[in-house]
Amino acid sequence: MGRKAKNKQDVPLPIEIEKQVGKTTAGLRNKLSYITHKNQKAANNKKASGKKTNSNTISFVKAEDHSPAPIKNTVKNISQKTHNQTIPSNKRPASKSSITPAKKIKSQSWDSDENEADQAPVAEQSDIDQNSSEEEDLSDDANDDTPDSDKEQSNEPADPRTQHKKMLFDLDSESESSQSELDDIPDQEEHDSDLGSDQDDHLEDSDEEYDSDKVNDSFSDSDDGDNTIAGLERKSERLTKLQSIMDEEGEKELLESKLHMPALQETEVFVLPEADEIEAEESGIKDMKSIQVRIQEIINVLNNFTRLKQSDRSRSDYISQLQSDLQFVYGYNEYLLTKLMEIFPISELVEFLEANESPRPITIRVNTLKSKRKQVAQALIKRGVNLDVISGKWSKVGLTIYESPVPIGATPEYMSGLYMIQSASSFLPVLALDPQPNERVLDMSAAPGGKSTYVAALMQNSGIVFVNDANKDRTRALVANIHRLGVTNTLVSNYDGREFPKVMGGFDRVLLDAPCSGTGVISKDPSVKTNKSEADFVMLTQLQKELLIAAIDSASASKAGIIVYSTCSITVDEDEAVVNYALSKRPNVKLVETGIDFGKSGFTSFRGKHFDSSLALTKRFYPHTNNMDGFFVAKFQKVSNSKK
Ligand SMILES: C[S@@+](CC[C@H](N)C(=O)[O-])C[C@H]1O[C@@H](n2cnc3c(N)ncnc32)[C@H](O)[C@@H]1O
């Protein structure tokens, strides 16, 4: 697993944070079990003397009444969360926490208010009725869904990177399971009851972890003498009081430990494992948690390379170990992980991988052909749905669904076409396309129709939208959605998009939401991690290039036609490289601004390849920065008919 040597290290690793938290609370936990143990002993003594006792019952019911989160439970949950970080997606529940490089954890974790916006309050009925700013968000804005950068300070959606710190330290949220944890204690005590005085000694020693005169006051040995029901009740009350004191102290200490992480601490420096150690590891059972710790250690070394590297090791030694560990922890094949490592700096890569382990928020698009956002929101809230307007204010028709007691794809509102379940990032190509009423628009690969029906809505069912898809089966879903949403300005076709220019042309706007590898939607389809080979990428990128050329050729030059190319993939091969290819093959188009004022600019160079500088106008969206599916959007305008 890598040996350790003593050294100075200035960056606390998450594992050390866990240790600190654990240390802070260990004494409290021991104290609690010591008290329970004593209480149990008293009850047993009573039992042995033939008198009825209900000390445990009284004591635990009281604890529930006062509802403090038991420290034992808190500790357990912190370590579970940390452990969850180490379990691959297929073996664990969706995790919101992240393996974040030590530096990031340090800078993000101590500022407790930082991500309040991310924990957006869920809209209640009263919010919509009474809150004026909410009123504005849910106002009659149906057809005005273009981003308005002048009005907004920032349209940037919530950054999920700020969310994990709350997960690491939000102890309050753990209180739910407090009673079940309390219920466990008597059993444990029974098992422990054969422990003799050594155990007591150990527990007494552990008191040194915290100073509690109050504890001694409450639990002097003389307490054991009064084992009448009234006496036990009094004791139980004191236990409850004690527990809340410990909670308070624990929380205070936790807070202090968060705020006063030492800048420099004596820790052990990481040493890369030797080849024989790796061999032994490969042939045995790998320990997920140790490998996750090693990932963090390597990232830490890479971030402080000159100071922390071993003299006989190169950067590539660390990187290749890191790659192998990331593949193991997150379950990607080598080919895809290599591709991703080329896109992101190491720390950001881990954020991206971690974001793929949890789902993005469910979002719906209100169908403005039939309703308004405010009405749909109110109807769903009446059904008990917790929702809010899409964060970032860049959409006026989107709602985020936090919780729903009913399947969101089976409500009467859904059935009657008032909304479409649609990922937030899939709104973006349509916003970039910016279709206008009475235009002639082509959606070249349209099924199942999320974007086509949005296009139709923005055109208010006027003009005509040719909705095409090469896959006949998928056009059935497309047709069903068109009917459900009350779209009446579409014509469905079933061509290979590459043939479309031979069928017809002269479109005002063409949308090519291309078939792709899906590397932006891994949280929805984790099979992408392993089922894409180099051959798939070669085949896909060829198809994408041909489709984009056909899309460009289908647009009208005389009307300065617009072409939007989008994918739900973040690989440069499928995005910038395809766009750059089209620019080189079709000088009659130029890239223009997408009109979306968040997301990252596309690459203008990548691994030694230089793209046209206008690629900076394209946009990339990532799950870890935008809390939406990964997406790429490029917007072209046709400037002449000449293909040369
Ligand atoms: C990313 S999906 C489109 C999603 C759709 N735009 C939406 O928003 O619901 C890509 C689509 O491309 C279609 N497709 C694949 N090859 C095609 C081709 N040669 N011509 C046209 N469509 C194709 C697939 O059947 C698939 O439905």
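Residues numbered from 1 in each chain as written. Predicted model: local features only at pLDDT ≥ 70, side-chain atom pairs only at ≥ 80, totals over all residues. Heavy atoms only, no water.

Where an unreviewed UniProt entry is consulted, the chain appears under the name Nucleolar protein 2, with the organism given as Smittium simulii.

## Structural notes on helix α26 (residues 576–585)
Defined as follows: Note on classification: 1.4 Å probe, protein chains only; a residue is buried when its accessible area is under 20% of the maximum for its type, exposed when over 50%, partly exposed between these limits. Where helices and strands are cited, they refer to DSSP runs of H or I of at least four residues and of E of at least two residues respectively, numbered from the N terminus. Only heavy atoms matter for contacts: two residues are in contact if any of them lie within 4.5 Å across the pair.
Counting buried residues in α26 gives seven out of ten residues, a clear majority hidden from the surface. For α26, the complete set of buried residues consists of Glu 576, Ala 577, Val 578, Val 579, Asn 580, Ala 582 and Leu 583. Residues of α26 that are buried sit in contact with α25 (534–554), β11 (562–567), β12 (589–592), β15 (609–610), β16 (619–621) and β17 (631–638).

## A look at unusual backbone geometry
Cis rather than trans, the peptide bond between Ala 447 and Pro 448 has omega equal to 5°. On the secondary structure map, Pro 448 appears in the loop between β7 (440–443) and α21 (450–458).

## A look at the UniProt feature "binding site: S-adenosyl-L-methionine" (unreviewed entry) in the chain
Counted only if it meets this: UniProt positions are given in the numbering used here, feature names are shortened, and annotations may be inferred rather than shown by experiment.
Mapped onto this numbering, the UniProt entry gives "binding site: S-adenosyl-L-methionine" (unreviewed entry) at Ser 445, Ala 446, Ala 447, Pro 448, Gly 449, Gly 450, Lys 451, Asp 469, Asp 496 and Asp 513. Position of Ala 447 relative to the elements: it lies in the loop between β7 and α21. On the basis of relative accessible area, Ala 447 is assigned to the buried category, the value being 9%. The contacts of Ala 447, once residues within four sequence positions are left out, are Asp 469, Arg 474, Thr 475 and Leu 478. Mapping Gly 449 onto the fold places it in the loop between β7 and α21. Discounting chain neighbours no more than four positions away, the residues touching Gly 449 are Met 420 and Leu 478.

## Digging into the site of the ligand
Selection rule: When we say a residue is near a molecule or strand, we mean one of its heavy atoms is within 4 Å of it. We define a polar contact as two N or O atoms separated by no more than 3.5 Å, with the added condition that, inside protein, one atom must be a possible hydrogen donor and the other a possible acceptor, whereas residues neighbouring each other in sequence contribute only through side-chain atom pairs. Areas reported here follow the Shrake-Rupley algorithm with a probe of radius 1.4 Å; residue values treat only the protein chains shown as occluding. Classes in brief: Ala, Val, Leu, Ile, Met, Phe, Trp, Tyr, Cys and Pro nonpolar; Asp, Glu, Lys and Arg charged; the others, Gly included, polar.
The local shell around the ligand holds 20 residues, among which Lys 451, Asp 469, Arg 474, Gly 497 and Asp 513 are the closest. For the ligand, an oxygen atom lies 3.2 Å from a polar atom in the backbone of Ala 447. A distance of 3.0 Å is found between a nitrogen atom of the ligand and a side-chain nitrogen or oxygen belonging to Asp 496. Relative to its unbound accessible area of 590 Å², the ligand is 86% covered by the protein chains. Among the elements of the structure, α21 and α25 are those that each provide at least two residues to the shell around the ligand. Split into classes, the residues belonging to the shell around the ligand amount to ten nonpolar, five polar and five charged.

## As for the packing of α25 against α26
The test is simple: Lines fitted to the C-alpha atoms define the axes, with helices restricted to the stretch that makes contact. Angles between their N-to-C directions range from 0 to 180 degrees. In what follows, roughly perpendicular refers to angles from 65 to 115 degrees, roughly parallel to angles under 35, roughly antiparallel to angles over 145, and oblique to any angle outside these ranges. By definition, any crossing whose near helix is turned counterclockwise from its far helix by less than a right angle is left-handed, and any crossing with a clockwise turn is right-handed.
Packing of α25 against α26 brings their axes to within 9 Å, and their N-to-C directions diverge by 45°. As judged from the angle between their axes, α25 and α26 are oblique. Judged by the sense of rotation from one axis to the other, the crossing of α25 with α26 is right-handed. Contact with α25, carried on its side by Thr 541, Gln 544, Lys 545, Leu 548, Ile 549 and Ile 552, involves Ala 577, Val 578, Val 579, Tyr 581, Ala 582 and Lys 585 of α26 and no other residues of that element.

## With respect to the packing of aromatic side chains
Two descriptors summarise a pair of aromatic rings, namely the distance from one centre to the other and the angle between the planes of the rings. Defined as follows: Under the pairing criterion, centres of Phe, Tyr and Trp rings, with the six-membered ring standing for Trp, must be within 6.5 Å; the plane angle then separates stacked pairs below 30 degrees from edge-to-face pairs above 60, leaving the rest tilted. Either the NZ atom of lysine or the CZ atom of arginine qualifies as a charge over a ring when it sits within 6 Å of the ring centre and within 35 degrees of the ring normal.
According to the stated counting rule, one finds 14 aromatic pairs in the structure shown. Judged by centre distance (4.9 Å) and plane angle (65°), the ring pair of Phe 344 and Tyr 622 falls under edge-to-face. One end of the pair, Phe 344, is in the loop between α16 (334–343) and α17 (346–355); the other, Tyr 622, is in the loop between β16 and α27 (623–626), and 278 residues separate them in sequence. There is no split in this pair, since Phe 344 and Tyr 622 are both buried. Clustering of aromatic rings is evident, with ring pairs tying together Trp 394, Phe 427, Tyr 454, Phe 598 and Phe 621. Across from the ring centre of Phe 537, 5.3 Å away, lies the NZ or CZ of Lys 339, which sits over that ring. Note that Arg 440 overlies the ring of Phe 507, its terminal NZ or CZ placed 4.5 Å from the centroid.

## Structural notes on the pattern of salt bridges
Quick note on the threshold: We count a salt bridge whenever a side-chain nitrogen from Lys or Arg sits within 4 Å of a carboxyl oxygen from Asp or Glu.
Counting across every chain of the model gives 21 salt bridges. When the shortest N-O distance is used, the salt bridge between Arg 476 and Asp 473 registers 3.0 Å. With Arg 476 and Asp 473 both in helix α22 (residues 472–484), this residue pair falls three residues apart, about one helical turn. There is no split in this pair, since Arg 476 and Asp 473 are both exposed. Asp 629 is the partner of Lys 524 in a salt bridge, and the nearest nitrogen-oxygen pair spans 2.4 Å. A residue pair is termed long-range when its members are at least 10 positions apart, and Lys 524 in the loop between β10 (509–513) and α24 (528–531) and Asp 629 in the loop between α27 and β17 qualify at 105 residues. Exposure remark for Asp 629: the relative accessible area of 3% places this residue in the buried category.

## Some details on the packing of helix α15 (residues 315–330) against α17
Interaxial distance between α15 and α17 falls to 11 Å at its minimum, and their mutual angle equals 10°. Compared by their axis directions, α15 and α17 come out roughly parallel. Each of Leu 322, Leu 326 and Tyr 330 in α15 lies in contact with α17, whose residues at this interface are Ile 346, Leu 349, Val 350, Leu 353 and Glu 354. Classifying every residue of the contact of α15 with α17 by side-chain character gives seven nonpolar, no polar and one charged.

## Overview of the sheet that holds strand β5 (residues 398–403)
Formally: A pair of strands is considered paired only if DSSP assigns at least 2 bridges between the two.
As summarised here, the arrangement of the four strands in space is β4-β5-β3-β6, forming an open sheet in which the pairing is antiparallel. Since the sheet does not close on itself, it has two edges, and those belong to β4 (386–389) and β6 (419–421), each with one partner. The sheet shows a mean angle of 30° between the axes of neighbouring strands, direction not considered. Docked against the sheet, helix α18 (residues 373–382) engages β3 (362–366), β4, β5 and β6, running at close to 15° with respect to β5. Together, β3 and β6 form the strand contacts of α21, whose direction differs from that of β3 by roughly 35°.

## Topic: the pairing of β11
With six of six residues buried, β11 is to be regarded as a mostly interior element. Burial of the side chains of β11 extends over both faces: Ile 562, Val 564 and Ser 566 are buried on one face and Ile 563, Tyr 565 and Thr 567 on the other. Alignment of β10 against β11, held across five bridges, turns out to be parallel. Bridged to Leu 512 within β11 is Tyr 565. Of the pairings in the sheet, the one linking β11 to β17 comprises six bridges and is antiparallel in character. Note that in β17 the partner of Thr 567 across the bridge is Phe 632.

## Focus on the environment of Phe 611
Mapped onto the secondary structure, Phe 611 falls in the loop between β15 and β16. Setting aside anything within four residues of it in sequence, one finds Phe 611 in contact with Val 572, Glu 576, Ala 577, Asn 580, Phe 603, Thr 604, Ser 605 and Phe 606.

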